[in-house]
Structure formats: C-alpha cells, structure tokens
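A look at the structure
The lines below spell out each chain.
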Amino acid sequence: MTTSNTGTGDVDPAVREELARLRDSIDNIDAAVVHMLAERFKCTQQVGHLKAVHQLPPADPAREARQIARLRTLAENAKLDPAFAEKFLNFIIAEVIRHHESIAEDTVNGQASPAH
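Think of each chain on its own: its residues are numbered from 1, step by step along the sequence as written. Where local features are concerned, this predicted model is filtered to residues with pLDDT of at least 70; where side-chain atom pairs are given and counted, the filter is 80 or more; whole-chain, interface and lining totals use all residues. Each side-chain value is worked out from all heavy atoms of the structure, with water and hydrogens disregarded.

**Points about the overall build of the protein chain**
- Runs of E in the DSSP output that reach at least two residues are strands. Runs of H or I that reach at least four are helices, and both are numbered from the N terminus. If you tally the helices and strands in the protein chain, you get three helices and zero strands.
- Starting at the N terminus and ending at the C terminus, the protein chain contains elements arranged as α-α-α.
- Contact between two residues is taken to exist if any of their heavy atoms lie within 4.5 Å; hydrogens are not considered. Of the contacts made within the protein chain by residues no fewer than 6 positions apart, 54% connect residues no fewer than 24 positions apart.
- Looking at the protein chain as shown, the accessible area adds up to about 8800 Å², and 59% of this sits on carbon and sulfur atoms. Accessible areas in this description were obtained via Shrake-Rupley with a 1.4 Å probe; residue shielding takes into account the shown protein chains only.

**Notes on the packing of helix 2 (residues 61-77) against helix 3 (residues 82-108)**
- Working convention: axes come from line fits to C-alpha atoms, limited for helices to the stretch in contact. Angles between N-to-C directions cover 0 to 180 degrees. Relative orientation of the contacting elements helix 2 and helix 3 amounts to 145 degrees, with a least axis distance of 9 Å. Here helix 2 and helix 3 pass one another in a crossing that is right-handed. Every residue of helix 3 that contacts helix 2 at Glu-64, Gln-67, Ile-68, Leu-71, Arg-72, Ala-75 and Glu-76 is listed here: Pro-82, Ala-83, Ala-85, Glu-86, Leu-89, Asn-90, Ile-93 and Ile-97.
- Three classes are used: nonpolar for Ala, Val, Leu, Ile, Met, Phe, Trp, Tyr, Cys and Pro, charged for Asp, Glu, Lys and Arg, and polar for all others, with Gly counted as polar. Its residues assigned to classes, the contact of helix 2 with helix 3 comprises nine nonpolar, two polar and four charged. Note on convention: the crossing is left-handed when the near helix lies turned anticlockwise from the far helix by less than a right angle, right-handed when the turn is clockwise.

**Focus: the environment of Ala-85**
- In this structure, Ala-85 sits in helix 3.
- With 17 residues separating them along the chain, Ala-85 and Ile-68 place their C-alpha atoms 8.3 Å apart.

**Some remarks on the pattern of salt bridges**
- Whenever a carboxyl oxygen of Asp or Glu lies within 4 Å of a side-chain nitrogen of Lys or Arg, that contact is scored as a salt bridge. Enumeration over the complete set of coordinates arrives at four salt bridges.
- Between Glu-18 and Arg-21 there is a salt bridge; the shortest N-O distance is 2.7 Å. Taken together, the residues Glu-18 and Arg-21, both in helix 1 (residues 13-53) and three residues apart, mark about one turn of the helix.

**Thoughts on the packing of aromatic side chains**
- Stacked, tilted and edge-to-face are the three classes assigned to paired rings of Phe, Tyr and Trp, where Trp is represented by its six-membered ring and a pair needs centres within 6.5 Å; plane angles under 30 degrees give stacked, over 60 edge-to-face, the rest tilted. By the definition in use, this model includes one aromatic pair.
- Their ring planes at 20 degrees and their centres at 6.3 Å tell us that Phe-84 and Phe-88 sit as a pair that is stacked. With a gap of four residues between them, Phe-84 and Phe-88 both fall in helix 3, about one helical turn apart.
- The buried label goes to any residue with under 20% of its type's maximum accessible area, the exposed label to any with over 50%, and the partly exposed label to all in between, with areas taken from a 1.4 Å probe on protein chains only. By relative accessible area, which is 47% here, Phe-84 ends up partly exposed.
- A relative accessible area of 38% places Phe-88 in the partly exposed class.

**Section: helix 2**
- Take the number of residues in a helix, subtract one, and multiply by 1.5 Å to get its expected span. For helix 2, with 17 residues, the first-to-last C-alpha span of 24 Å sits near the 24 Å given by 1.5 Å per residue.
- For helix 2, the full list of buried residues reads Glu-64, Gln-67, Ile-68 and Ala-75. What you see down the axis of helix 2 is that its buried residues fit within an arc of 105 degrees, all on one side. Looking at helix 2, the residues exposed on the side facing more than 90 degrees away from the buried face are Arg-66 and Asn-77.
- Here the buried face of helix 2 lies against helix 3.
- Following helix 2 by one or two positions, Lys-79 has its phi on the positive side, about 65 degrees. Of all possible arcs, the one meant is that of the directions from the helix axis to the C-beta atoms.

Written out as structure tokens, the structure is:
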C-alpha cells in the first residue's frame, strides 16, 4: 500500500479506512480525557473548599512532589515519556492551585460558594 502526500484524494481506500478507524479511537480517547479531567477538577474544587474553610494553604509542595514522582513512574511503566507526564501534571497542579487561591480569597471575602 502506498500513499500520496499530494492531498488530492488518491490515497489507497484501505489506508483511508485505517486512518478513519484510528482517528475515531483518538477522538474517543480525547473525550474520555476531558471527562476524567472534569471529574478530577470536581474533586480538587472540593479540596479547595476544605482548605479554605480550614485556612490551609492552597499549595501542598510535598504532595505535589509525591504525585509527580508517582506519575513519572506510571508513565515509564506505560511507555510514555515521563518528562511529558511531569509537564502535564505540573500544568494541572498550577491550575488547581489557581482555583484554590481563588476559593480561599472568596472565602475570606465571604463570597464562598458551597462545594459541589
């Protein structure tokens, strides 16, 4: 099977079918990732409310370090680049901390919304 890079549609139908199958799988995985992240953030919002009510700091560097080490090991075992996994988790952690800071500020100002 050969393919053309011209984009003119002269790709072998079997290749086109395989691309479509793989892309459908990618789309399903992307949807699952989004739903998992949404669930994760629901939990971290609850953590943020607990921290705010009990005047705990928004960040927990010791836990973050443990989570990064854990995720790097999981990534290695899954044959995923551990550096990528760490960058991904650092991005998520930064967003969680931002949320926790906002929740804490709202709590101090008497604007706290109930945890969901």
